[in-house]
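Listed below are the residues making up each chain.
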Amino acid sequence: AWMLAGMGAFLAAFAIAASLVPPAGESFTPVQIMIRATGTLAFLQLTFLLCIGPLARLTPRFKPFLYNRRHLGVATFLVALVHGGLVTLWYHGFGALDPLVSLLVSNPRYDTLGGFAFESLGLLALGILFVLAATSHDYWNANLGPGRWNAIDMSVYAAYALLVAH
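Undergrad: Kindly report on the overall build of the protein chain, identifying the contributing residues and their values.
TA: Counting secondary structure elements, the protein chain contains 8 helices and 0 strands. Along the protein chain, from the amino end to the carboxyl end, the secondary structure elements read α-α-α-α-α-α-α-α. Relative to its full complement of 166 residues, the protein chain shows a buried share of 31%. Residue pairs at least 24 apart in sequence account for 59% of intrachain contacts in the protein chain once pairs closer than 6 positions are excluded. Counting every atom, the protein chain has about 10,400 Å² of accessible surface; 71% of that belongs to carbon and sulfur. Charged side chains in the protein chain number 8 positive and 6 negative. The centres of these two groups are separated by 16 Å.

Undergrad: Which residues make up the environment of Phe 48, and what values do they have?
TA: Among the structural elements, Phe 48 can be located in helix α2 (residues 30–58). It is 20 Å that separates the C-alpha atoms of Phe 48 and Leu 121, two residues lying 73 residues apart in sequence. Apart from the residues within four sequence positions on either side, Phe 48 is in contact with Phe 62, Phe 65 and Leu 72.

Undergrad: Summarise the packing of aromatic side chains; cite the residues concerned and give the values.
TA: Counted by the stated rule, this structure contains 6 aromatic pairs. Look at Phe 10 and Phe 14: their rings are 6.0 Å apart centre to centre, the planes differ by 40°, and that puts the pair in the tilted class. In this pair, Phe 10 and Phe 14 are both assigned in helix α1 (residues 2–20), 4 residues apart and thus about one turn of the helix distant. Classification of Phe 10 by relative accessible area gives partly exposed; the value is 25%. Given the relative accessible area of 24%, Phe 14 is considered partly exposed. An aromatic cluster is defined as three or more aromatic residues linked by ring pairs; in this entry it consists of Phe 48, Phe 62 and Phe 65.

Undergrad: Go over the environment of Ala 159 with me, naming the residues and quoting the values.
TA: Tracing the backbone shows Ala 159 in helix α8 (residues 156–165). A residue is classified by how much of its surface remains accessible, and Ala 159, at 0% relative accessible area, is buried. Distance in space between the C-alpha atoms of Ala 159 and Leu 89 is 22 Å, their sequence separation being 70 residues.

Undergrad: Explain empty space enclosed by the protein residue by residue, including any values.
TA: If you walk through the whole model with that rule in mind, you get 1 cavity of 30 Å³ or more. Its volume calculated, the largest cavity comes out at about 30 Å³. What lines the largest cavity is simply Leu 103, Leu 104, Asn 107, Tyr 110, Ala 117, Glu 119 and Ser 120. Broken down by secondary-structure element, the contributors of at least two residues to the lining of the largest cavity are α5 (99–105) and α6 (118–134). Residue classes in the lining of the largest cavity are distributed as 4 nonpolar, 2 polar and 1 charged.

Calculation rules
Residues numbered from 1 in each chain as written. Predicted model: local features only at pLDDT ≥ 70, side-chain atom pairs only at ≥ 80, totals over all residues. Heavy atoms only, no water. Helix = DSSP H or I, 4+ residues; strand = E, 2+ residues; numbered from the N terminus. Buried < 20%, exposed > 50% of the residue type's maximum accessible area, 1.4 Å probe, protein only. Contact = heavy atoms within 4.5 Å. Areas by Shrake-Rupley, 256 points an atom, 1.4 Å probe, with all protein chains shown as cover. Lys, Arg positive; Asp, Glu negative; His and termini not counted. Charge placed at Lys NZ, Arg CZ, Asp CG, Glu CD. Phe/Tyr/Trp six-rings, centres within 6.5 Å; stacked < 30°, edge-to-face > 60°. 1 Å grid on protein atoms, 1.4 Å probe; cavity = no way out; pocket = protein on both sides within 12 Å on 5 of 7 lines; lining within 4 Å. Points joined across faces, edges and corners; volume = space filled by probe spheres on them. Nonpolar A, V, L, I, M, F, W, Y, C, P; charged D, E, K, R; others polar.

In structure tokens, the structure reads:
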């Protein structure tokens, strides 16, 4: 309940701040504000998730978070999924191509840094977060075995690197 309340408070505060104080010379639609809010929230949640382990070793105050990392990880995936869905539908949902196909083929400029297709990095990170969320239950830990499950769990670092690049 605290996690959901915090997520809702962040999204509301972000939306209010973006509405009241838009960047100079720019205006955003409510959908664009939610795209930025959910993307920022997912990134901050994943950053916090990766900090929980080291912080729990430094001080016992973070141990309750250690036991609830899976819940926060699944919530992070869901927020990232909302972000990806909003982006795909808002920017690619009104053309002749399927929105997902449009997302992948609309910007083929992988050879320049300025025009790089950052959307593909976000899509790869979302795929990794999906696998992590799907295998977060104890059932998968028991059936995959600790070695395989740990390898999947460590892919969170690849997802984080992709999100930083995204």
